[in-house]
Amino acid sequence: MTTTAPGGTAVELAIGGMTCASCAARIEKKLNRMDGVTATVNYATEKAKVTHADGVSVADLIATVEATGYTAREPVAQAPDTPVTDPVDELRPLRERLVTAVVLAVPVIALAMVPALQFDNWQWLSLTLAAPVVAYAAWPFHRAAWTNLRHGAATMDTLISVGVSAAFLWSLWALFLGDAGTPGMRHPFELTVERGGGAGNLYLEAAAGVTAFLLAGRFFEARSKRRAGAALRALMELGAKDVTVLRSGREERVPVTELRTGDRFLVRPGEKVATDGVVVEGTSAVDASMLTGESVPVDVAVGDTITGATVNAGGRLVVEATRIGADTQLARMARLVEDAQNGKAAAQRLADRISGVFVPVVIGLALATLGFWLGNGAGPTAAFTAAVAVLIIACPCALGLATPTALMVGTGRGAQLGILIKGPEVLESTRRVDTVVLDKTGTVTTGRMTLLAVHTADGEDEKAVLRLAGALEHASEHPVARAVAAGAVERAGALPVPEEFANVPGLGVQGVVEGHAVLVGRRRLLAEWATELPTALVAAAEEAERSGRTAVAVAWDGRARAVLEVADAVKDTSAEAVRRLRALGLTPVLLTGDNRAVAEAVAAEVGIAEVIAEVLPEDKVAVVRRLQDEGRTVAMVGDGVNDAAALARADLGLALGTGTDAAIEAGDLTLVRGDLRVAADAIRLARRTLGTIRSNLFWAFAYNVAALPLAAAGLLNPMIAGAAMAFSSVFVVSNSLRLRGFRPQS
């Protein structure tokens, strides 16, 4: 996949042949040495993200990777109707070698560890069983070590291949040229090294056992990596495969790839929506749980936008396509998640640098261990055993897996819940944030005017008031009028058609409905017609205005009948969201361009103490900057074009996915749903993912720091070292998989 990026062209390459983190570090180092190239190679996702200047071609990049001893290609975009490959197929060769190693190694280990099982000439049976393990099961390690040697490099496979081969070759020497082949020979098993001459010592159990343990580690690691990326694959497979398009009055079933912007397509009950669009015919409820995590279906009608991959749960819909292919919300979500999984946290970059120099250092340490033990008169057996244990215990794979696996699982789980994390740098920001700035309109409130209350004069019927007022307002395009009309339909049912209608600029509307001369608007409009509000309605209007709401007076036939309250309604979930943000240690601040009375009324309703009102759109950035200058670390939540700059300026930008593209592009976290409670869940998930990365790195570093001295001191049998090394990688991946259990607060 190739895209335009700042500073050059961005390309993503699929890398083959990597077996450990030091492989990724080598490829990354080689690519970054090319002029005009910046590359990041991810061992867990097996991808390289490269930005290159115009003078560098993709073929040059691939050639550099191949010259390093690995394969590279541009990922092939899969057609929507291509069947998904069973992941077991990819693991089959590894599984076959693992089964072979386990079946053959178990009796070899049993014979070596239990002297009672050692019959006459048992050692020759051990050799017969161990040879296929070393030659066939361990072949991937030998092949990779040879490939790297040809390119003047050493990786983890070099350590494994040298260790296993040395143990096996020593055993061959002892059997054919030493004393180990003598009939009746007995061989006690030791967890630590023993001093001795070595002519009668066998290490077949170490060669076979280490191979079996390391293959088991690689198999479970590969399977866990598949599980870690399952959420992204599921997301990319959500889309519809074909669609019923309406062309020339006929229904035509075509692959979704043939759909074009502006096409009208049919969505029957139970079908997936083929792509993003606008409903042009029909009403229904749409299940968007697979994209947003929201279990309650959303009602849609003519004029409403609808997202591809959601499921039509109700009536028949005709939709006009507005976005197709890579521009759809589903494709953008998948792209954001994949980009995040390819990133690296600062701590992981340090781990990668360590992994890159780790192998030569370990080989040097193994040689030093060998020399030290020989120099102290311990004999070749002790020296050899300690050196092999050092080679095998030192695998840096756990370091290389620490960040990518946690990112894969964390971002994948976030995608399932409608939370898109742009990258590992975002995780660092969530830990430091102490202030959250909430844009009012569209974030805390619904962003549209709503009829909130009806105050009627004595003896008046509320439904009658709403029928007449709503009928007149329905003919107006003013936001307040639309709110009154929508509220009237909801509460009073179908509305009559006005017989006469006139708009009075700045004051309201007037007309004739069902034979009544109706006035709807400001109190001044009624005053012009010598109609006064009763005292109770005056009090209701004044209280509404003090609360920042719009008071709409209604009169007909020369008498005031009611006062309606209209305002941008606070979302039902906003107060709970503010409580959750406070529980995370964040101080909420309400930011709006509305007047202070409106802002303070909304803030009081949701429980926000700090209000910044009457701010021009272009001044929102200055507000964020001022808060930062006060020493605060600021998160910003918004959804509009006028929020984009502030989202980019904030230490952490959270964009509501129901908002504009500009806001979503500027945000660090995108919340697919317009529910502010998801902001708290997003921060919790990001912090949990960061905590998992840190714990992974801690245990991976601690493991190597603790294990190497033990091996060098002769306190680890090579087979035990192999088991411990394999367990470290499996532990890191398993720890990351715990993020799949993250649940939003209920």
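Computed from a predicted structure; not experimentally measured.

Of the regular secondary structure elements, the protein holds 26 helices and 27 strands. Relative to its 746 residues, the protein shows a buried fraction of 54%. Sequence-distant contacts, at least 24 apart, represent 70% of the contacts inside the protein between residues at least 6 apart. Carbon together with sulfur atoms contributes 56% to the accessible area of the protein, which is approximately 31,200 Å² in total.

Turning our attention to the pairing of strand β9 (residues 276-281). Relative to strand β14 (residues 317-323), β9 runs antiparallel, the two being bridged by 5 bridges. Looking at β14, one finds that Glu281 is bridged to Val318. Judged from the 2 bridges that link them, β9 and strand β12 (residues 305-306) form a sheet pairing that is antiparallel. Its bridge partner lying in β12, Val278 is registered against Thr305.

This paragraph deals with unusual backbone geometry. Positive phi, normally seen in glycine, also occurs at Ala530, with a value near 55°. One non-glycine residue with positive phi stands out, namely Glu614, at about 55°. You can see Glu614 is positioned in the loop between β24 (610-612) and α22 (620-629).

Next up on the list: a nonpolar patch on the surface. Where nonpolar side chains cluster on the molecular surface, the patch consists of Phe698, Trp699, Phe727 and Phe731 and spans about 450 Å² of accessible area. Counting only elements with at least two residues in the nonpolar patch, the list comes to α25 (677-712) and α26 (718-737). Its place among the elements puts Phe731 in helix α26. Overall, Phe731 belongs to the partly exposed group, its relative accessible area being 30%.

For the protein, the average pLDDT comes to 80, and 83% of its residues sit at 70 or higher. Ignoring residues within four places in sequence, the model shows residues 77-88, a span with pLDDT below 50, making 9 contacts including any to other chains. Below pLDDT 50 for its whole length, residues 195-199 participates in 19 contacts with residues either more than four positions away or in separate chains.

Turning next to the sheet that holds strand β13 (residues 311-312). Here we have 3 strands laid out as an open sheet, ordered β11-β10-β13, and antiparallel in their pairing. Two strands bound the open sheet, and with one partner strand each, they are β11 (298-300) and β13.

Now for the packing of aromatic side chains. Evaluated as defined, the whole model comprises 4 aromatic pairs. With a centroid separation of 5.2 Å and an interplanar angle of 75°, the aromatic rings of Phe698 and Trp699 are classed as edge-to-face. Consider the rings of Trp699 and Phe731, whose centres lie 6.3 Å apart with planes at 80°: the pair is edge-to-face. Here the residue Trp699 occupies a position in helix α25, and Phe731 occupies one in helix α26, the gap between them amounting to 32 residues. The exposure class of Trp699 is partly exposed, given its relative accessible area of 47%. Feature note: the residues Phe698, Trp699 and Phe731 constitute an aromatic cluster, connected by ring pairs.

Mapping Gly69 onto the fold places it in the loop between α2 (58-67) and β5 (71-73). Sequence separation of Gly69 and Arg26 is 43 residues, and the distance between their C-alpha atoms is 9.9 Å. Dropping the residues within four chain positions of it, Gly69 is found in contact with Thr147 and His151.

To continue, consider the side chain of Thr689. Secondary-structure assignment places Thr689 in helix α25. Here Thr689 is in contact with Ala406, Leu407, Gly410, Leu427 and Leu739, once residues within four sequence places are set aside.

Criteria and cut-off values
Residues numbered from 1 in each chain as written. Predicted model: local features only at pLDDT ≥ 70, side-chain atom pairs only at ≥ 80, totals over all residues. Heavy atoms only, no water. Helix = DSSP H or I, 4+ residues; strand = E, 2+ residues; numbered from the N terminus. Buried < 20%, exposed > 50% of the residue type's maximum accessible area, 1.4 Å probe, protein only. Contact = heavy atoms within 4.5 Å. Areas by Shrake-Rupley, 256 points an atom, 1.4 Å probe, with all protein chains shown as cover. Pairing = 2+ DSSP bridges. Patch = residues over 30% accessible without salt bridge, like charges linked within 9 Å, V, L, I, M, F, W, Y side chains within 5 Å. Salt bridge = Lys/Arg side-chain N within 4 Å of Asp/Glu carboxyl O. pLDDT = per-residue confidence, 0-100. Phe/Tyr/Trp six-rings, centres within 6.5 Å; stacked < 30°, edge-to-face > 60°.

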